[in-house]
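Structure at a glance
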Amino acid sequence: MSDTPHISRRGFLRAAALVPAAGALAACATPAAPPAATSSSAPVATSAANPFGVAADKPLEVWIFDGGFGQDYAKNIHQPLFKTKYANVEIKHNATKEITKVLQPRFAGGNPPEVIDNSGANFIDFGALSQDGQLQDLTPLLDAPSWDDPNTKVRDTIDPSVIEIGTYDGKFSVLGYVNYIHGIWYSQKVFRDNGWQIPKTWDEFIALCETIKKSGKMAPFTYAGKFPQYLYEPLLTMAAKIGGNEVLVNIDNLEDGAWTTEAMKSAATAWAEVGAKYLMEGTTGLDHVQTQTAQNKYKVAMLPSGSWLENEQKTTTPPDFEYGMFPIPDVTGSDKMPYGTLHTQPGENFIVSAKSPHPQAGMEYLRAMLSKKAAGDFSALVRTMTVVKGATEGKDISPGVTSASKAVADAGTNAVYYRWNNWYGPLKDEAIAATGQLMSGGLTPDKYLERIQKKADEIKNDSSIKKYKR
Amino acid sequence: MIFNRYRRGLFITSFLAAPVILYVVYVISPYIQAFYIAMTDWRGVSAMPRFIGLDNFERLLDDEKFWLAVTHNGVLLLLLPLITIVIALFFAFLLNVGGGHGGRKGIWGSKFYRVLFFFPQILAVAVVAVLFQQAFRPDASGMVNAPLMALGIKPIGFLSEPAVAFWSVLGVMIWQAVGFYVVLFSAGLASIPRDMFEAAQIDGAGRISLFIRVTLPLLWDTVQVAWIYLGILALDVFAIVWVMTDQHGGPDSSTTVMAAEIYRNAFHYSYFGYASALGVVMFFFTIGFAILALRLSRRERIEYQ
C-alpha cells in the first residue's frame, strides 16, 4: 500500500498553487501525505468531570445538518450547555444542507471537523467513513458517567437500539440522536368529527378507506409519491409484523430469497391494493411536502410518515388539526408480532471524526447532548423524541409527539428496524424505483419483489462491495 | 532579425503563460487525475486509494443503468438538435423573412416575439427545472394539468409516468434552447444579401420555396454550428434531469443520463473511483462526437461579394 502513488486533491492544489508552472503535472505523482495530526500536545488528564480529557483552550468545530430541525437547537441548547463546563473552548458552529459536498474534501484533506451531524439526503456514506478509519470509537462515551448523574453510565440513559444501529465494524461510532417513530398519520379531529375508528386489522383499514372514499369528503390515503421510500417503510414493517423480525434481519443480511418470502408477498399485495384503489389523485407526482400539505387542507385522511412530521408541517397545520399516529394493523390474524408493533429507528446521526484535532471535545459535546436537559429542550423545540430515556417527562409537548410516545410505550419490545437502505445505496434506489412502480400498477407484487431480490443478489455477489451483518 | 523574432516569441509567450497555466492546472490536470482515480477504488474519504487497474471499466460494461443512461443521451443527441433546429429555423424565417412583401420583413409583432422566444434562455437551468416541476404538477395547481382537469380529462403524470417523463425532459430542453437558436439564425439571415431574396422573388418564389431553396442553403453553416452546440448539450445534460425529475433521473430511471449516473455514483454511493470511470467513458463519447461533427461539417463555404 505505502508505495502506491496516491494523490489528495487538497495536497495537489496546494502544491499546484506553490509551483504553478513547473510542478503542476509533477505533483500528480507526488505523494501528498495528509497533514500530521495536530493532537501532538500532551494529553489532558481525565477525571469523572472530564472523562475524555478535553483540553481547556482547544477549539471545537461543530457542523449541523440544517434540515427539518434547523440549527437553533445546537446554537441555543447544546452549545451553551457545553460552554457551562468548558468556557474557554471556542465552539466553531457551522451549518449546511449539503454535508457531503462541504465536508468530504475535509476528510480527504485530513483535517475533518470534530462533530458532524451527518444527516440529510447528502450525508457522507458511513460505510466509506468507517472503512477508512475516520469514525471515532464512541465506546468510551457509552461507558462514561452521564452528564446528569455521575453514578449512571451514558449507556443506560439511551435507547439500546442506538448502540446496535450505531455500530460499524464492531465499534459503536454513530450516535443517532432522534428516535424516529414510523406509522400512519392522521388528524385526530377529522377522525373524531366523522366517527372514523382507528383500524386494528387490515380488513378494517380497507373498510375505512372504502368509507372515506364513499363519503366524498377526502381521499383515503396518500404518500410522498416522488419519494416511494415513504411507502416501502410501512410495507416492510407490515412484512415484519406478519413474518416476524427475522424478515427484516434476513433482508439486511442479504440472505437468499429474503425479499420474496410469503410475508413480503402478503405485504406487497396489501399495499398494491391501496395503490390501485385508494390513493389521492396525482399522488405519484407529488412530494412529501405537497401530500402532507394536502392532508393539512383536509384533502386526504391518512399517510405514512414518521415522528418528524409534526415539526415539518408546523407552518401549514391548522391549530385544531391534532396529529395522531397509529401502527400497522393486524393483517392475517396469525401475525407473528402483535398489534402495536412499531418501526422505530434512531436517526439524525452524529459522528466524531477520529482524525480531527480534538476528538475528546467532540465526545464530550455528544455527552452534553445526551443530558436530560439538552434532550428535553430539544424535544420541546423541534417537537420530536430523542433517544434519551424519559427526557420529555414533565414537558408540555404536542399532540403528535404524545401520540407517538404512547405508541412506543404500547409497543414495548415489539420494535423493528432495518438498515439495508443505509448500507447499500444502489439497493435503496432500486427499491425506491420498484416501489413507485408497484404503487402505480407498473409491477405486480411478485415482479416487484423479484426485481429487488435480483438487485440484492447482485450486491451480495459483488465482492467489491463491503458487506454488513446484524 | 533573429533577435526580434526571439523577442516576439517571448512577448507572445508571456501573454499566453497565465491562461495556459490556469488551463493546465484547472482543466487538464483534473482530467488526468480522473483517469487515475478511475483505476482506483477510491470512496472519497481516503488519502490512499487502492489501485485496481481496469476493474471499474469491466464493471461498467455490465451496468444496465449506465447503458440505459447512454441510450437516453443517444436519443437526445438525435432528437434535440433536430427538433430545436427545425423549430428555430421556422421561427427565425417567420420573424425575419416570412412576412409580407419585399422578402426582408418579419411577420407582424416579430420584434416582440424575438424577445419572448429568447426569454427562456436567460433563465438559469435550475430555475427552469423548478418552474416546470410546478407546471407539470399532477393536480389542479399544475399549469399544464389544470386546464385538462377542467375539461374533465385525467391529469397526465408528466414527470411521474415513466413512459412520459423522458419526453417531458426533451420538451423542456427544446423550450429552453429554441430562443437562442432563433437569434443565431436571425443573425445568419441578416448576413444574407438582400438581392438574393429579391432575385428569387422576382423569379416567382413563394415563401416555402424561398425558405427551402434560398434561406436554408445559405444558412447551412450556421445550422451546422447549431447542430454541434446542441449535440454537446444533449451529451452533457445534467441539471434539468437532476433537478426536475423524480428520484434524479426517474421515475424508475426513465430519464437518467450519463452525467446523472456519474453524480449518483460519486456523491450518493461514494464510489468516486467508479464514477471517474464513467466520466472517462463520457469523455470519450464527447470527444468522439466532437471529432465526428467536425469531420462532417468540413464543407466549402459560400462567399458573398
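Residues numbered from 1 in each chain as written. Chains lettered and ligands numbered in written order. Predicted model: local features only at pLDDT ≥ 70, side-chain atom pairs only at ≥ 80, totals over all residues. Heavy atoms only, no water.

- Looking at an unreviewed UniProt entry, one finds chain B named Sugar ABC transporter permease and attributed to Nonomuraea turkmeniaca.
- As recorded by UniProt, the Subcellular location (unreviewed entry) comment attached to chain B reads in full: "Cell membrane". (UniProt positions renumbered as here; feature names shortened; annotations may be inferred.)

- Checking UniProt for chain A, the heading Subcellular location (unreviewed entry) contains the comment "Cell envelope".

Description of the overall build of chain A
- Summing up its helical and strand segments, chain A has 20 helices and 11 strands in all.
- On C-alpha atoms alone, chain A measures out to a radius of gyration of 24 Å, which is about the 23 Å that the 2.2 N^0.38 rule sets for 470 residues.
- For chain A, the spread of C-alpha atoms along the three principal axes comes to 75 × 50 × 40 Å.
- A total of 470 residues make up chain A; the buried ones form 58% of that total.
- Across chain A, the fraction of contacts at a sequence separation of at least 24, relative to all contacts at a separation of at least 6, is 75%.
- Summed over all atoms, the accessible surface of chain A reaches about 18400 Å², with 53% contributed by carbon and sulfur.
- Taking the 47 positively charged and 51 negatively charged side chains of chain A as two groups, their mean positions are separated by 3 Å. (Helix = DSSP H or I, 4+ residues; strand = E, 2+ residues; numbered from the N terminus. Rg over C-alpha atoms; globule rule 2.2 N^0.38 Å. Buried < 20%, exposed > 50% of the residue type's maximum accessible area, 1.4 Å probe, protein only. Contact = heavy atoms within 4.5 Å. Areas by Shrake-Rupley, 256 points an atom, 1.4 Å probe, with all protein chains shown as cover. Lys, Arg positive; Asp, Glu negative; His and termini not counted. Charge placed at Lys NZ, Arg CZ, Asp CG, Glu CD.)

Description of unusual backbone geometry
- Here Gly250 of chain B and Pro251 of chain B are connected by a cis peptide whose omega angle stands at 0 degrees.
- Topologically, Pro251 of chain B is positioned in the loop between helix H10 (239-244) and helix H11 (258-268).
- Although it is not a glycine, Leu254 of chain A adopts a positive phi angle of roughly 55 degrees.
- Mapped onto the fold, Leu254 of chain A is located in the loop between helix H11 (246-252) and helix H12 (262-277).
- Note on Leu254 of chain A: relative accessible area 5%, which makes it buried.
- Positioned with a positive phi, Ser270 of chain B is a non-glycine residue whose angle comes to about 60 degrees.

Observations concerning the interface of chain A and chain B
- Counting from both sides, the interface comprises 49 residues of chain A and, opposite them, 43 residues of chain B.
- Of the roughly 3800 Å² buried between chain A and chain B on both sides combined, carbon and sulfur atoms contribute 58%.
- The interface formed by chain A and chain B holds 5 salt bridges in total.
- Here Asp462 of chain A and Arg59 of chain B are joined by a salt bridge, their closest N and O atoms 2.6 Å apart.
- Where chain A touches chain B, the interface holds 8 residue pairs in polar contact (both at pLDDT 80 or more).
- At the level of secondary structure, the elements contributing two or more residues to the side of chain A that touches chain B comprise helix H1 (9-18), helix H2 (23-29), helix H4 (99-108), helix H5 (126-131), helix H19 (425-439) and helix H20 (445-460) of chain A.
- In terms of residue count, the dominant contributor to the side of chain A that touches chain B is H19 of chain A (6 residues).
- Residues belonging to the side of chain A that touches chain B are distributed by class as follows: 23 nonpolar, 16 polar and 10 charged. (Buried area = accessible area lost by both parts, 1.4 Å probe. Salt bridge = Lys/Arg side-chain N within 4 Å of Asp/Glu carboxyl O. Polar contact = N/O pair within 3.5 Å; in protein donor to acceptor, adjacent residues only side chain to side chain. Nonpolar A, V, L, I, M, F, W, Y, C, P; charged D, E, K, R; others polar.)

So, the side chain of Thr283 of chain A
Residues and elements named next belong to chain A.
- By secondary structure assignment, the location of Thr283 is in the loop between H12 and helix H13 (288-296).
- Within the structure, the side chain of Thr283 is placed 2.6 Å from the backbone oxygen of Met280, a separation counted as a polar contact.
- If we ignore the near neighbours within four places in the chain, the residues touching Thr283 are Phe221, Thr222, Tyr223 and Gly225.

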